[in-house]
Amino acid sequence: MLTFSLLLACFTNCSKSFKAIPAGTQSLSSQILDSSSTSAPQISSKTAGVTDANCQNNNSFDACIVWKNPVASAGRVFPQILQRSTDLSAIQTFGVALKNRTSPDKLISSTITVSASAGTTPVFQNGQLRTTYQSDSEKSWLAQLMAYFWISYQESEMTRRTGGFYPTGKAIPVDAFATDPTKGSVVGNAYYSSTLNKVVLGYAVDENQGIAHEMALSAEVYLHEMGHADLEWALDGSGIDIYRDPNASYVVQASDGTNHLRSLNDIQTGDVLLSTFCKTVDGCMWAINEGQADFHYLMIFHDSTPLAETIVNKVAGGLETGTVPRDVNQLKTWSTQDIFTKSASKYNSGSIVINGEIHGMGSAYASILWTIYTHPQMNRTHFEKIFMEQLKMLTPNSRFQDARESLVGVAEAMADSNLNGIHYGPLIRSIFTAKGVAP
Amino acid sequence: MNRKNDRRKSEEPRHLFLFAALAVILSLGLIRLYSQKTPNQTESQLEDDSEDFTQADDNDPTDIEEASEEQVNMTSQASLAPPVSAPAPIALPAASAELYDFLNQLDPKAQWVLSKNQFQKISVISGGAIKLPFGEIKTKADLAARLAELTGTPAAQISKTENALPETNFSRTVQFQQVYEGYVVDQSFVRMTERKFDGAIFYSQFESHDLGEPDLRLKTTLAEAKAAALARYSQGADGILKTLTEPVIFVSAPQKSELAWVVIIKVIGPRYDERKLTISAVSGQVLQDVSALQN
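Remember, predicted model here, so these are calculated numbers, not experimental data. (Residues numbered from 1 in each chain as written. Chains lettered and ligands numbered in written order. Predicted model: local features only at pLDDT ≥ 70, side-chain atom pairs only at ≥ 80, totals over all residues. Heavy atoms only, no water.)

(A) Representation of the overall build of chain A in the model. Looking only at helices and strands, chain A has 11 helices and 14 strands in total. A sequence separation of at least 24 residues applies to 70% of the contacts in chain A between residues at least 6 apart. Of the roughly 13,900 Å² of accessible surface on chain A, 52% is carried by carbon and sulfur atoms. (Helix = DSSP H or I, 4+ residues; strand = E, 2+ residues; numbered from the N terminus. Contact = heavy atoms within 4.5 Å. Areas by Shrake-Rupley, 256 points an atom, 1.4 Å probe, with all protein chains shown as cover.)

(B) Main features of the overall build of chain B. On a plain count of helices and strands, chain B comes out with six helices and 14 strands. When the 295 residues of chain B are sorted by exposure, 46% land in the buried category. Partitioning the contacts of chain B with sequence separation of at least 6, the portion at a separation of at least 24 is 45%. Taken as a whole, chain B presents about 15,200 Å² of accessible surface, with 52% of it coming from carbon and sulfur. (Buried < 20%, exposed > 50% of the residue type's maximum accessible area, 1.4 Å probe, protein only.)

(C) Looking closely at the state of the cysteines. Residue and element names in this part refer to chain A. For the structure on display, the rule yields two disulfides over all chains. The disulfide that involves Cys55 links it to Cys64, with 2.1 Å between the sulfurs. Looking along the S-S bond of the Cys55-Cys64 disulfide, the torsion reads about -100°, which is the left-handed sense. Each member of the pair Cys55 and Cys64 is classed as buried. Paired by a disulfide, Cys278 and Cys284 hold their sulfur atoms 2.2 Å apart. Looking down the S-S bond of the Cys278 and Cys284 bridge, the torsion is -65°, so its handedness is left-handed. By the burial criterion, Cys278 is buried, and Cys284 matches it. Each bonded cysteine in chain A gets a number by its place in the sequence, and the pairs come out as 1-2, 3-4. (Disulfide = S-S within 2.5 Å.)

(D) Just the pairing of strand 2 (residues 122-130) of chain B, in detail. Residue and element names in this part refer to chain B. Burial runs high along strand 2: seven of the nine residues are buried. Relative to strand 2, strand 1 (residues 113-116) runs antiparallel, the two being bridged by four bridges. When the sheet's bridge partners are listed, Val113 is paired in strand 2 with Ser126. In this antiparallel pair of consecutive strands, strand 1 and strand 2, the connection spans five residues, and Gln120 shows a positive phi of 60°. Looking at chain direction, strand 2 and strand 8 (residues 201-207) are connected through four bridges and run antiparallel. Across the sheet, Ile130 pairs through a bridge with Ile201, a residue of strand 8. (Pairing = 2+ DSSP bridges.)

(E) Broad picture of helix 5 (residues 285-300) of chain A. The first and last C-alpha atoms of helix 5 of chain A sit 23 Å apart over 16 residues, in line with the 22 Å expected at 1.5 Å per residue. Within helix 5 of chain A, 16 of the 16 residues are buried, which leaves the element mostly enclosed by the surrounding structure. (Expected span 1.5 Å × (residues − 1).)

(F) Highlighting the sheet that holds strand 11 (residues 259-263) of chain A. Residue and element names in this part refer to chain A. Across the sheet, which stays open at both edges, the three strands sit in the order 11-10-12 with antiparallel pairing between neighbours. A single partner strand is all that each edge strand has here, and the edge strands are strand 11 and strand 12 (272-278). Here the strands of the sheet are splayed against their neighbours by 30° on average, with no regard to which way each runs. Note that strand 10 (residues 248-253) and strand 12 share six bridges and pair antiparallel. Opposite Ala248, over in strand 12, you have Cys278 as the bridge partner. (Axes fitted to C-alpha atoms, helices over the stretch in contact; angles between N-to-C directions.)

(G) Spotlight on helix 6 (residues 222-232) of chain B. Residues and elements named next belong to chain B. What helix 6 keeps buried is the set Leu222, Ala225, Ala229 and Arg232. The buried residues of helix 6 occupy one face: seen down the axis, they fall within an arc of 85°. Residues of helix 6 that are buried sit in contact with strand 9 (237-243), strand 11 (256-267), strand 12 (273-280) and strand 13 (286-291). (Arc of directions from axis to C-beta.)

(H) Up close: the side chain of Thr278 of chain B. One can find Thr278 of chain B in strand 12. Look at Thr278 of chain B and you get buried, because its relative accessible area is 0%. In this view, Thr278 of chain B contacts Arg244 of chain A together with Phe250, Ala260, Trp261, Val262, Gln285, Val286, Leu287 and Gln288 of chain B; residues no more than four positions away in its chain are not counted.

(I) Spatial organisation of the packing of helix 10 (residues 400-418) of chain A against helix 11 (residues 425-434) of chain A. Residue and element names in this part refer to chain A. For the pair helix 10 and helix 11, the least separation of the axes is 8 Å and the interaxial angle reads 165°. With respect to helix 11, the axis of helix 10 lies roughly antiparallel. Relative to helix 11, helix 10 is oriented so that their crossing is right-handed. Residues Phe400, Arg404, Glu405, Leu407, Val408, Ala411 and Glu412 of helix 10 lie in contact with helix 11, whose contacting residues are Gly425, Pro426, Ile428, Arg429 and Phe432. (Parallel < 35°, antiparallel > 145°, perpendicular 65-115°, else oblique. Left-handed = near helix turned anticlockwise from the far one by under 90°.)

(J) Layout of the pattern of salt bridges. Across all of its chains, the model carries 28 salt bridges over all chains by this definition. Note that Lys106 of chain A and Asp105 of chain A form a salt bridge whose closest N and O atoms lie 3.9 Å from each other. Between Lys266 of chain B and Asp238 of chain B there is a salt bridge, with the nearest N and O atoms lying 3.5 Å from each other. Here Lys266 of chain B, found in strand 11, pairs with Asp238 of chain B, found in strand 9; they are 28 residues apart in sequence, far enough to count as distant. We classify Lys266 of chain B as buried; its relative accessible area is 19%. Bridged by salt links that share partners, the residues Lys140, Glu167, Arg172, Glu194 and Lys196 of chain B form one connected network. (Salt bridge = Lys/Arg side-chain N within 4 Å of Asp/Glu carboxyl O.)

What follows is the structure in structure tokens.
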């Protein structure tokens, strides 16, 4: 009886003390932001298909596409930004299976329906489709094949690694090539519409602001957009709009042509929204949304972290916000304050300078997630599970410190049942601190 | 002296028993320690208890042993890193003693973490594991109402109707809407997430609002609100995408709220957009106008 009582006392006290001061976290300070600290990677997305120089003649594949995007695949830039009808035969060698189609002659699964409003419907033969980009200019079939393959791969990988993907079964239309504003095109951009539950991919622009090529040739772009869809469906039934963010402010062009900074409840008639900013270095939900969407593509292309290499025709990627590169590996040693300051935009001939553009601050959030994910003490699959769970806990009011608390809360709650008993809370908290997020 | 020795001898079996018992306790304590692993343990030391991701973990060669070798060489490159203090629990915001008392009754072993929103109102309670029923708190709706009250929202304003968010293998999340006089309060909720394996609620969120005295005069119709939304974008408005068919209570600031219509329109032109407009049901003025596109 005495033994039993002592045993109980020790269990209670021991567990509490170990929980309060987890071992292994005291020595993190010198390691946390080091860019060389990368734990072993997940399976490479290069194993999602088979690179075969004879792909077009190999009928064991459903289609021959490009891995990630043409510049990333080739490892070099084009003489000028990629133009439609360019010969990509040297890199269109990634042989893939098009899985989960509801019909062998369509790019439709229960999760996505891929088409191209500025292209034509692909014609399959025995469930397979061979097309070369050189002959593709009026059809945009490669763009559609790539969108279908990479989103389906993202869905299957997230389901396999984390147990689910919130948009599964949600029949999301994906317009792989939209050029007409009346059909939702946005020049040089892509988006997810929560109202229409739709992904729209525009086009990369050439130096004359004309159409260079389909944005759907860049897989990381729509894996990002599906990240927005994932968050939206994680909150399905909540009745809240994460984009109505009180911690953000908006730069608009007023009807007289001047630019103004507005708050959420202060947008005037005639205002045209130009850009969205986090009000403070604490971040905002818009930035968290952009950052988590980036992290969605990073979980798939973890061995190739830049964004939009082909769209900007740079091997190192691009789409800088202010002077903030959109590449988490380059940002690993940047503090959140650095990024807030450097993700600035100028308006009215430079008389207005606004810090904290949401894609720049999104990179700050993605960089925090990436630092946690690649930390030597983190099992990447474990963090993917934590990340996916945490999406349900984001709200329109979330700032970086709120995101931290929900990640910690989930990590601790999952530790014993799903994470092999490992308590990652202190590690997550330390990395947010190291990146300069307020307590 | 002898007597003392005799006494020692007579106590030896008891000492041995206590020593053995302590040894067992220490061993079990160590077992407990190892069951509470921390991230610096190698994966090879860990038994995979995940049912769902066996294949994923098999394919995940997270090599912590190799990584720990890298750690040795990392310190010199960390000069840009801000100093990191040992992880410490964040400071608890001032909260009512009643709330802490209640939470500590619900889970006496918890290390409660309370977070506040920009209005300094408690918005998150975590760090514990709440199991129901507990006394008069029978359901999650009861708990939502009680915690809402303790964090500053009248319990009567929290709906008893449970809205479920998507389930995962690990958790189940439900949400309760804030309502007033039968009207839904826009962008408001009490949300609770529980672990499926033991039903313990581990994360509670409070995005309920201080309404003050809401202006409930319904002086404009939904049709008028739609017309106002389209008129605002007279150059490019291309129709209504979605509306809420019932007005909601819109809170523009603490204690400042009124009835409003919510309309989403499509705007075309050089810059495609989808705008969500909140239009006062009292004055017909646009209270909020935000892009609903996520780039």
